[in-house]
Amino acid sequence: MVEAARQTLEAARARILSAGAPDLEAAVAAPPGAETRGDAGRADLVEAVLARLDRLLRPGPRPLINATGVLLHTNLGRAPVSRAAAEAMARAASGYSDLEYALDSGSRGSRHDLLLPLIRQLTGAEAALVVNNNAGATLLMLSALALGRGVVVSRGELVEIGGGYRIPEVMAAGGARLVEVGTTNRTRIADYAAAIDETTALLLRVHTSNYRIVGFTEAPRLEDLVALAAERGLPLVDDLGSGSLLDTARFGLASEPMVPHSIAAGAALVSFSGDKLLGGPQAGIIVGRADLVARLRKHPLTRAMRPDKASLAGLHATLLHYARGEAEREVPLWRMLAADPADLAERAAGWRAALAERGIRARVEPGRSTVGGGSLPGETLPTRLLALDSAHPDALAARLRAAEMPLIGRIAEGALLLDPRTVLPDEDAALLESLSWALSGADGSGARGSA
Ligand SMILES: *Cc1c(COP(=O)(O)O)cnc(C)c1O
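Rules of the game
Residues numbered from 1 in each chain as written. Predicted model: local features only at pLDDT ≥ 70, side-chain atom pairs only at ≥ 80, totals over all residues. Heavy atoms only, no water. Pairing = 2+ DSSP bridges. Helix = DSSP H or I, 4+ residues; strand = E, 2+ residues; numbered from the N terminus. Axes fitted to C-alpha atoms, helices over the stretch in contact; angles between N-to-C directions. Near = heavy atom within 4 Å. Polar contact = N/O pair within 3.5 Å; in protein donor to acceptor, adjacent residues only side chain to side chain. Areas by Shrake-Rupley, 256 points an atom, 1.4 Å probe, with all protein chains shown as cover. Nonpolar A, V, L, I, M, F, W, Y, C, P; charged D, E, K, R; others polar. Contact = heavy atoms within 4.5 Å. Core = buried A, V, L, I, M, F, W, Y, C linked by side-chain atoms within 4.5 Å. Buried < 20%, exposed > 50% of the residue type's maximum accessible area, 1.4 Å probe, protein only. Domains from an automatic or database assignment. Buried area = accessible area lost by both parts, 1.4 Å probe. Salt bridge = Lys/Arg side-chain N within 4 Å of Asp/Glu carboxyl O. Phe/Tyr/Trp six-rings, centres within 6.5 Å; stacked < 30°, edge-to-face > 60°. Lys NZ or Arg CZ within 6 Å of the ring centre and 35° of its normal. Arc of directions from axis to C-beta.

This part takes up the sheet that holds strand S5 (residues 127–131). One open sheet accounts for seven strands, arranged S5-S13-S12-S11-S10-S6-S9; its pairing is mixed. The open sheet is flanked by S5 and strand S9 (177–181), the only strands paired with a single partner. Each adjacent strand pair in this sheet contributes to an overall mean axis angle of 25°, direction not counted. Taken together, the five bridges between strand S12 (residues 269–273) and strand S13 (residues 284–288) define a ladder with antiparallel strand orientation. Within S13, the residue paired with Leu269 across the bridge is Gly288.

Around the ligand, 13 residues are found, and the nearest of them are Ala135, Ser209, Asp239, Ser273 and Lys276. A distance of 3.0 Å separates an oxygen atom of the ligand from a polar atom in the backbone of Asn134. At 2.8 Å, a backbone N or O of Ala135 approaches an oxygen atom of the ligand. Contact with the protein chains removes 94% of the 380 Å² of surface that the ligand exposes when unbound. Contributions of two or more residues to the shell around the ligand are made by helix H6 (134–146) and strand S11 (236–241). Classifying every residue of the shell around the ligand gives four nonpolar, six polar and three charged.

Moving on, we get to the sheet that holds strand S18 (residues 415–418). The mixed open sheet is built from five strands, whose spatial order is S2-S14-S15-S18-S17. A single partner strand is all that each edge strand has here, and the edge strands are strand S2 (70–72) and strand S17 (410–412). The mean angle between the axes of side-by-side strands here comes to 40°, regardless of whether they run parallel or antiparallel. As defined by bridge partners, S2 adjoins strand S14 (residues 363–372) across two bridges and the pair is classed as parallel. Residue Leu72 lies in a different strand from S14, and its bridge partner there is Gly372. Sheet strands in contact with helix H16 (residues 341–357) are S14, strand S15 (380–389) and S18, and its direction is about 10° off that of S15. Contacting S15, S17 and S18, helix H17 (residues 393–401) crosses the sheet at an angle of about 40° to S18.

Val287, Leu319, Tyr322, Trp334 and Leu337 are the most contacted members of the largest nonpolar core, which has 55 residues in total. In terms of residues, this core owes the most to one element, helix H9 (residues 222–231), which gives five residues. Viewed by domain, this core spans two of them, domain 2 (65–76 + 334–438) and domain 3 (83–330), each represented by three or more residues. One finds Ala127, Leu140, Leu142 and Ile167 within the second-largest nonpolar core, a separate group that totals 30 residues.

This part takes up the domain arrangement of the protein. Here the domain parsing of the protein yields domain 1 (2–57), domain 2 (65–76 + 334–438) and domain 3 (83–330). Centre-to-centre separation of domain 2 and domain 3, based on C-alpha positions: 33 Å. Regarding the contact of domain 2 and domain 3, the summed buried area is about 1600 Å², with carbon and sulfur atoms giving 64% of it. Considering only the surface of domain 2 that becomes buried against domain 3, Trp334, Leu376 and Pro377 emerge as the three largest contributors, covering 45% of it. Connecting domain 2 to domain 3 are one salt bridge. A salt bridge links Arg212 to Glu379; its shortest N-O distance comes to 3.2 Å. The interface formed by domain 2 and domain 3 contains seven residue pairs in polar contact (both at pLDDT 80 or more). Mapped onto the side of domain 2 that touches domain 3, the elements with two or more residues apiece are helix H15 (332–338) and S15. In terms of residue count, H15 provides more of the side of domain 2 that touches domain 3 than any other element does, four residues in total. In the side of domain 2 that touches domain 3, the residues fall into eight nonpolar, four polar and two charged.

A pair can form between side chains of opposite charge whenever their charged atoms are brought close. Going through the model one piece at a time under the given rule, you end up with 23 salt bridges. The partner of Glu100 in a salt bridge is Arg108, with the nearest N and O atoms 2.6 Å apart. Taking relative accessible area as the criterion, Glu100 reaches 23% and is therefore assigned partly exposed. Residue classification places Arg108 among the exposed positions, given a relative accessible area of 66%. Residue Arg186 pairs with Glu218 through a salt bridge whose shortest N-O separation is 2.6 Å. Linking Arg186 in the loop between S9 and helix H8 (189–195) with Glu218 in the loop between strand S10 (200–206) and H9, this pair joins segments that are 32 residues apart in sequence. Using a relative accessible area of 30% as the deciding quantity, one classes Glu218 as partly exposed.

To continue, consider the packing of aromatic side chains. Taken as a whole and judged by the stated rule, the model has one aromatic pair. Between Arg186 and the ring centre of Phe216, over which it is positioned, the NZ or CZ distance is 3.8 Å. Positioned over the ring face of Trp437 is Arg399, at 4.1 Å from the centre of the ring.

A separate point is H9. Those residues of H9 not exposed but buried are Leu222, Leu225, Val226, Leu228 and Ala229. When H9 is viewed along its axis, its buried side chains cluster within an angular range of 165° and face the same direction. In this structure, H9 carries Ala230 and Glu231 as exposed residues pointing more than 90 degrees from its buried face. Along its buried surface, H9 packs onto H8, S10, S11 and helix H10 (259–265). In the segment just after H9, Gly233 is the residue with positive phi, at about 70°.

Here is the structure:
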């Protein structure tokens, strides 16, 4: 409190000095960045201290409501984990565990063995290794298997994922030499074959997660790449990005590449994310040949990228949902993917009715949700949106972000749109609260009626 008071006073002094304010009290009391107010007094100064304390003490990252309709929103923390996963994470974090301890022998164990049986069972792979995230997994595979040597990859797969993660740069950071083959739209198996020489370490396939090349295109089948790699005695490494353990085609979407399929097709190593379509905590999962995974495990980067106990516990609980065949029911991501359009329509209508009771007008209209998070580009799911017409949708969006429980929607054609698909089942009351706060202009900004 003392620190907050000092900082508030310091900011007020700085304002007085820079503004040469005629009204001393007003200048002192104005909250940071605000216009000087005429009726200000010491009470406002106290309020400014309390607001500063509030910002300091509230939880971070701040919980918010994702009504964007983007299921895997990287800016909003990607996949929400299941209740069982969240409980497992809290339990692992708040107590001791056999993270690196063999209970039967009382000797040192390895965190890397905890998930092995489950991952093997679910993917059909011989061996597995979990690291912090899939970006780390790619870097590790390249560093451990291709240092100073060539990695053959199609020009159509030189992906940038976002956040500055670019395949050619990861390659350089991993000490591997990029050997580009083919063209942006067409790459044939013969292009790979011609590029292989005695310096080649491996063939790399990168899933074009967040874009799609359409039209006059060609790419070799995974089976053909595997056959070529085997013929030359090289491993084929498959970076699936999201990857999936369930077939997304069952939800009316295109098929996102499935991990068991890549393993069955003969990829030497396959990597995928923990918090994309798997719907678990952040992690990078590498599966494949035991001899190659053993080499990865010995690499010093593995120690630098080892996952935290809470992530491992959350991942374990998430994988269990798949092993029990209950992922569609228990993993929030799959529940959202599988949501019945009739239920979404009912929920949006319920929001509209609840707002009408508070004197706020809104419409329900058809729309589309997207998966996001570097998976299924261009693929959408039908949904029902709550639409708030507004002359200033940007201002309304800003006000919703400022709510006690921030509410994030999207703007299209002069309306703020809220998609029930990504709003978690227990968030309806908070959503209505944030909406009525933002639209009633509780602080006198008078937003009501503009929507
Ligand atoms: C998303 C993605 C990555 C990075 O995975 P993170 O788990 O976000 O680190 C790497 N490669 C591809 C192809 C991806 O789509």
